[in-house]
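# Structural features, examined
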Amino acid sequence: MSNAAIKNFIDDHGLKRADGCIIFNAVAGFYDEGNVLCSINTEIQIVHVAGMPVLYIIDTAAENFHLPDMYTTHEFHFAYSNGIELEIRKDQRHRRFFISVRPVR
């Protein structure tokens with residue numbers, strides 16, 4: 001599910017460049033129990049390492065909250081919501097803390 005969610009997110013938003021790189025500007029929202037911890041404008045990069053998608057949040061003011069800047073499908077669950085944003089959670093059932101990534105054009 002997570003790999004398909006990332007692929008659909010990339011395809012629907014046309015995020016893959018002609019050179020194959022996936023780098024885009026986005027708003028990343030960090031939420032705890034539905035409350036916004038912070039929302040930042042940032043660059044996002046998605047690369048594949050050993051066949052696994054890895055999402056990097058490049059400019060992370062979230063360091064103030066001691067949050068990671070790298071998210072893998074091995075450690076996190078990715079869901080593509082309403083054709084708009086990618087949601088990242090610790091696991092599929094985890095509702096307390098999540099990150100949303102929404103591309104900005």
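As the structure is a prediction and not an experimental result, all values here were calculated from the model.

Of the regular secondary structure elements, the protein holds one helix and seven strands. Here the protein holds 105 residues, and the buried ones make up 40% of them. Contacts in the protein between residues at least 24 apart in sequence constitute 38% of all its contacts with a sequence separation of at least 6. Approximately 6100 Å² of the protein is accessible, and the part contributed by carbon and sulfur atoms is 49%.

So, about the packing of aromatic side chains. Applying the stated criterion across every chain yields a total of four aromatic pairs. Here Y31 and F98 contribute two aromatic rings whose centre-to-centre distance is 4.8 Å and whose plane-to-plane angle is 15 degrees, an arrangement assigned as stacked. In this pair, Y31 is assigned in strand β1 (residues 22-32) and F98 in strand β7 (residues 97-103), connecting sequence segments 67 residues apart. Among the aromatic residues, ring-to-ring pairing joins F9, F24 and Y80 into one connected group. Lying over the aromatic face of F98, R89 brings its terminal NZ or CZ to 4.3 Å of the ring centre. The side chain of K90 reaches across the aromatic face of F76, ending 4.8 Å from its centre.

On to the sheet that holds strand β3 (residues 52-57), then. In space, the seven strands of this open sheet follow the order β4-β3-β2-β1-β7-β6-β5, with antiparallel pairing throughout. Sheet topology places β4 (70-72) and β5 (77-81) at the edges, where each strand pairs with a single neighbour. For this sheet the average axis-to-axis angle between neighbouring strands, irrespective of direction, equals 30 degrees. Pairing of strand β6 (residues 85-89) with β7, which is carried by four bridges, proceeds in the antiparallel orientation. If you follow R89 over to β7, its bridge partner there is F98.

For A50, which is not glycine, the phi torsion reads 50 degrees and is therefore positive. Relative to the helices and strands, A50 is located in the loop between β2 (35-49) and β3. Residue A50 is classed as exposed on the basis of its relative accessible area, which comes to 83%.

Each value, and the rule that gives it
Residues numbered from 1 in each chain as written. Predicted model: local features only at pLDDT ≥ 70, side-chain atom pairs only at ≥ 80, totals over all residues. Heavy atoms only, no water. Helix = DSSP H or I, 4+ residues; strand = E, 2+ residues; numbered from the N terminus. Buried < 20%, exposed > 50% of the residue type's maximum accessible area, 1.4 Å probe, protein only. Contact = heavy atoms within 4.5 Å. Areas by Shrake-Rupley, 256 points an atom, 1.4 Å probe, with all protein chains shown as cover. Phe/Tyr/Trp six-rings, centres within 6.5 Å; stacked < 30°, edge-to-face > 60°. Lys NZ or Arg CZ within 6 Å of the ring centre and 35° of its normal. Pairing = 2+ DSSP bridges. Axes fitted to C-alpha atoms, helices over the stretch in contact; angles between N-to-C directions.

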